[in-house]
Structure formats: C-alpha cells, structure tokens
Amino acid sequence: MNTSTSRADIADWNPEDERFWETTGKRIAYRNLWISVPALLCGFAVWGMWGIITVQMLNLGFPFTKDQLFSLTAIAGLAGATMRIPASFLVRLAGGRNTIFLTTSMLLAPALGTGIALQPEVLDWQQEHGFMLLTDLGDQTMMSAIDADNPPANQGLYLQAVDTLVQWQQASRAGELPPYDEALLRRELGLFPDWYLVQHKGLAVEGKMRETLDNAFDVIVQRNLAAPCVYVHRDFMPRNLMMPRDAAEPRLGVLDFQDAVQGPITYDIASLMRDAFLTWEEDFVLDITIRYWEKARKAGLMDFEDWHSDFGAFYRAVEWMGLQRHLKVAGIFARLTLRDGKPKYLADAPRFIHYIRTTTNRYRELGPLLKVIDEIEGTTPQVGFAYGRM
C-alpha cells in the first residue's frame, strides 16, 4: 500500500472483498459510474451524429466534393483517437472523474458549432421588397408529406402548421404590413365576376345578377372587416409550408409571404383548412380548426366579442372569410388559365364552387348568391350541411 499518494489516487482496490466493497468500493464505483456512463453515451452520440450529418451536407447546400466529405468523417475519428493520448496523462494528473468531465465538456463545442453552422444562412435580405435569400430551407413541402387518403394520419402535420400560424399571428405589430382593408377585399371579390363569370363563363354580369353579387359582396366585406386584425399570409397552405429536415424540429418553414397584410385573423386558418388543391371531410376540418382556436385562445388571440368562449361564433367568421377567399381564388384561377396559359389551375375550379355553394347554403342572407351560383353551374340546391369529399 502506497502511503505517499495524493487524494486523486486509489491506493487499494479489492472489489472482491465484501467488507472493502461495502465500506469503500461501492461508493467509489458508483461515484465514477454516474459521470462516466453519461459521458461515454454523449461521446458516442456526438461521434455518430457527425457521421450522419456529414453524408447529408450536400443536401444542406454545402459545396463539398465526395473526397472532402470522406475527409471530414475521418477527421472526427482521428481527432478522437489523438485526444486520447493527452487524456491518458490527465487521469494521473487530475483524476479520472475530472478528466472525464473535461473531455465530455469539450464535445459540446462541435455539437453547438454544428447547430449554429448548419442553420440556413441569410445571404441577402431586402426588407423593402420582402426578399430573403437563404442557403437552403429543405426540399419537402408539407403537401408532399400528406396522406390524402388517411386524414387522421395527418393530424400531427396540421398541428405543426397550426403552431406555426399562432406564432406568426402572435408576432403581429400594427403598421408593419399593408392593411387588408375594404378596398383590397372588394378588389379581390371583383375577380370572380370579372374573370370567372365574364371571361371564363362568357356571361354578362348585369341587372339582377349584378345586384345580387353586389349585395352579397357588401355583406361579406362587412362581416370580414369586423374581425380582429393580425398578420395574414394570404396563402397559408401545405404547398407553402416546408418540412424541417430534423424530425425533432417542430417548426415549419414558410414560403411565399410577399403578399402578407394586416387583416382578419380568420383568413389563414380558412386558407389552411379550405385548401386550394386538397379537400378534407368536415370532421377533420373541424378537429384542426378547434385545436387552432384553443391554441389561439391561450395565446390571447381570441379576445373578441364572445369568440373566447364560443367556438361556433369564431367558426362562422372563418366560413365568411373562407367564402371571400374562394370567390377570389376562382377568379384568379380563371385568370391564370385564360390570360397566362396555365390550364391546370382552372381544373380545380369545381373544388371552389363546392366550397362556395356549401357556405352560401348555410346562411340565409347568402341564399340569393347560392341561387345565382346554381344557375351558372347548372347545379341543384344542396340539402344538408356536411362538406363531403369531392
């Protein structure tokens, strides 16, 4: 037994001796294990993480050759092996636990550095035009991840979108974006008669039809202007939402926000659930909209009239906002087809007519508009209140 040892040394180690184990050995062993086991786990995790990230760097937008990527992978192993040489001397100088703590702490540097370095880099930003140039935001939209034949399987995706929407709305500040005012609402509604009815259907919008449309538009504008205002994306739907590369990342990327305005809080949730390219059964629409309402209510975004306590009142406002959007998009899709030569857009017109007819069928003051739509489309009056899949 060496009597000239320091406090960091273990002068006598005999774990087979029961008395020694119970009085001394167990305490020392457990004290070392509680730090060495997590440390080793962390070490292997960082080593494995680097190997996984390296092979994905080309997809992340880094211009490395394959030889350089192999070198990066090898450097991690070489660095770890090389650092074991000084680490072996540190054990004698500083003690085992201190050495393990130090070397494990050093692993945080590449881990944190990777998290910082691999974020999309903002290469250029023109605030006045709303342009942002990023290194990369991924290559998978939410739309491509959706299983259209199995609505419940998509709940998680839509709740991610809802969380992103609530965060976007919470960031709202008055005066930062152009207002979604009466002039803009009416200009958008005007696309329906100008392009869908006149240009696409070849109708003369005059007389009784003109009067019916004007009266309906007046009510739609009045209802929607009454809603509280937040930031409005105006195309918040799965095609404009990007899936994160990291499955643990809850946030979605958001594209196509150059037309954002300050307007009715009901717009973007209507845009998300009454999709331009995808139709859901109403039970799924209600499920996600209710979950959005609950999250927005907790965030203080539903403090308007009785919306905080009455989902029905809020949902009716969403339907009125959705009606405005559907009329607008029907006109836009007709314009894209007839003026811009993109026929695939007008192929989705039946979806919007379905949305329009269903909403107008629910509200007595919209009955005349429903009658006009039925006459134009040659459809019969709807019975019941369910949306149904197209």
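The rules behind each value
Residues numbered from 1 in each chain as written. Predicted model: local features only at pLDDT ≥ 70, side-chain atom pairs only at ≥ 80, totals over all residues. Heavy atoms only, no water. Axes fitted to C-alpha atoms, helices over the stretch in contact; angles between N-to-C directions. Helix = DSSP H or I, 4+ residues; strand = E, 2+ residues; numbered from the N terminus. Parallel < 35°, antiparallel > 145°, perpendicular 65-115°, else oblique. Contact = heavy atoms within 4.5 Å. Nonpolar A, V, L, I, M, F, W, Y, C, P; charged D, E, K, R; others polar. Buried < 20%, exposed > 50% of the residue type's maximum accessible area, 1.4 Å probe, protein only. Patch = residues over 30% accessible without salt bridge, like charges linked within 9 Å, V, L, I, M, F, W, Y side chains within 5 Å. Areas by Shrake-Rupley, 256 points an atom, 1.4 Å probe, with all protein chains shown as cover. Salt bridge = Lys/Arg side-chain N within 4 Å of Asp/Glu carboxyl O. Arc of directions from axis to C-beta. Pairing = 2+ DSSP bridges. Core = buried A, V, L, I, M, F, W, Y, C linked by side-chain atoms within 4.5 Å. Phe/Tyr/Trp six-rings, centres within 6.5 Å; stacked < 30°, edge-to-face > 60°. Lys NZ or Arg CZ within 6 Å of the ring centre and 35° of its normal. Left-handed = near helix turned anticlockwise from the far one by under 90°. pLDDT = per-residue confidence, 0-100.

**Some points on the packing of helix α6 (residues 182–189) against helix α7 (residues 191–200)**
In step 1: The geometry of α6 relative to α7 is characterised by a closest axis approach of 4 Å and an angle of 5° between their N-to-C directions. Judged by the inter-axis angle, α6 sits roughly parallel to α7. Here α6 contributes R187, E188 and L189 to the contact with α7, which in turn contributes L191, F192 and P193.
In step 2: Here the contact of α6 with α7 is composed, by residue class, of four nonpolar, no polar and two charged.

**A word on helix α14 (residues 367–377)**
In step 1: Taken residue by residue, α14 has L369, L370, V372, I373, D374 and I376 as its buried positions.
In step 2: Looking at the buried residues of α14, the elements they touch are α7, α8 (207–225) and α13 (349–360).
In step 3: Just downstream of α14 lies G378, where phi reads positive at about 70°.

**Concerning a nonpolar patch on the surface**
In step 1: A contiguous nonpolar surface patch, about 360 Å² in accessible area, is contributed by V122, W125, M132 and F257.
In step 2: One can find F257 in the loop between β5 (253–254) and β6 (261–264).

**Quick notes on α6**
In step 1: Listed in full, the buried residues belonging to α6 are L184, L185, E188 and L189. Seen along its axis, α6 keeps its buried residues to an arc of 135°; they face one direction.
In step 2: Those residues of α6 that are buried lie in contact with α7, α8, β6 and α11 (311–338).

**Some thoughts on the pairing of strand β1 (residues 122–126)**
On any regular strand, side chains alternate: one points to one face of the sheet, the next to the other face.
In step 1: Inspection of the sheet shows β1 paired to strand β2 (residues 131–134) by four bridges, in the antiparallel sense. Across the sheet, the residue bridging to Q126 is F131, located in β2.
In step 2: Linking β1 back to β2 in an antiparallel pair, the connection comprises four residues, with G130 at a positive phi of about 75°.

**Brief notes about unusual backbone geometry**
In step 1: Unusually for a residue other than glycine, R234 sits at a positive phi of about 80°.
In step 2: Position of R234 relative to the elements: it lies in the loop between β3 (229–232) and β4 (241–242).
In step 3: Residue class for R234 comes out buried when judged on its relative accessible area of 17%.

**Points about the pattern of salt bridges**
In step 1: Overall, the coordinates contain 17 salt bridges when judged by the stated rule.
In step 2: Here D348 and R351 are joined by a salt bridge, their closest N and O atoms 2.8 Å apart. Here D348 matches R351 in class, with each residue buried.
In step 3: When salt bridges with common partners are traced through the structure, they connect E182, R186 and D218 into a single cluster.

**As for the nonpolar core**
In step 1: With 44 residues, the main nonpolar core has F192, Y196, L197, L327 and F333 as its most contacted residues.
In step 2: Elements supplying a minimum of two residues to this core: α6, α7, α8, α11, α12 (343–346), α13 and α14.
In step 3: If one sorts the elements of this core by residue count, α11 sits on top with nine residues.
In step 4: Dropping the residues within four chain positions of it, L197 is found in contact with F192, G202, L203, V205, M209, L213 and I376.

**Topic: the packing of aromatic side chains**
In step 1: Counting across every chain of the model gives 17 aromatic pairs.
In step 2: Among the aromatic residues, those joined into a ring-pair cluster are Y292, W293, F304, W307, F311, F314 and Y315.
In step 3: Looking at R234, its charged tip hangs above the ring of Y180, at a distance of 5.3 Å from the centre.

**Some thoughts on the side chain of T289**
In step 1: Along the chain, T289 falls in helix α10 (residues 282–298).
In step 2: Those residues in contact with T289, other than ones at most four positions away along the chain, are I269, M273, F311, F314 and Y315.

**Points about the environment of A260**
In step 1: Relative to the helices and strands, A260 resides in the loop between β5 and β6.
In step 2: The exposure class assigned to A260 is buried, which follows from its relative accessible area of 8%.
In step 3: Between the C-alpha atom of A260 and that of Y231, which follows or precedes it by 29 residues, the distance is 6.9 Å.

**Focus: the packing of α11 against α13**
A pair of packed helices is captured by two measures, namely the crossing angle of their axes and the spacing between those axes.
In step 1: Relative to each other, α11 and α13 sit at 150°, their axes nearing to 9 Å. With respect to α13, the axis of α11 lies roughly antiparallel. Every pair of crossing elements has a handedness; the one defined by α11 and α13 is left-handed. Contact residues: E319, L323, H326, L327, V329, A330 and F333 in α11; F352, Y355, I356, T359 and T360 in α13.
In step 2: Taken together, the residues of the contact of α11 with α13 break down into eight nonpolar, three polar and one charged.

**What about the confidence of the model for the protein chain?**
In step 1: Chain-level statistics for the protein chain give a pLDDT mean of 84 and a share of 88% at 70 or above.
In step 2: For residues 1–7, every residue scores under 50 in pLDDT, and the model assigns this stretch two contacts once sequence neighbours within four places are set aside.
In step 3: Predicted confidence is poor over residues 384–390, with pLDDT under 50, and the contacts of this stretch with residues over four places away or in other chains come to 24 contacts.

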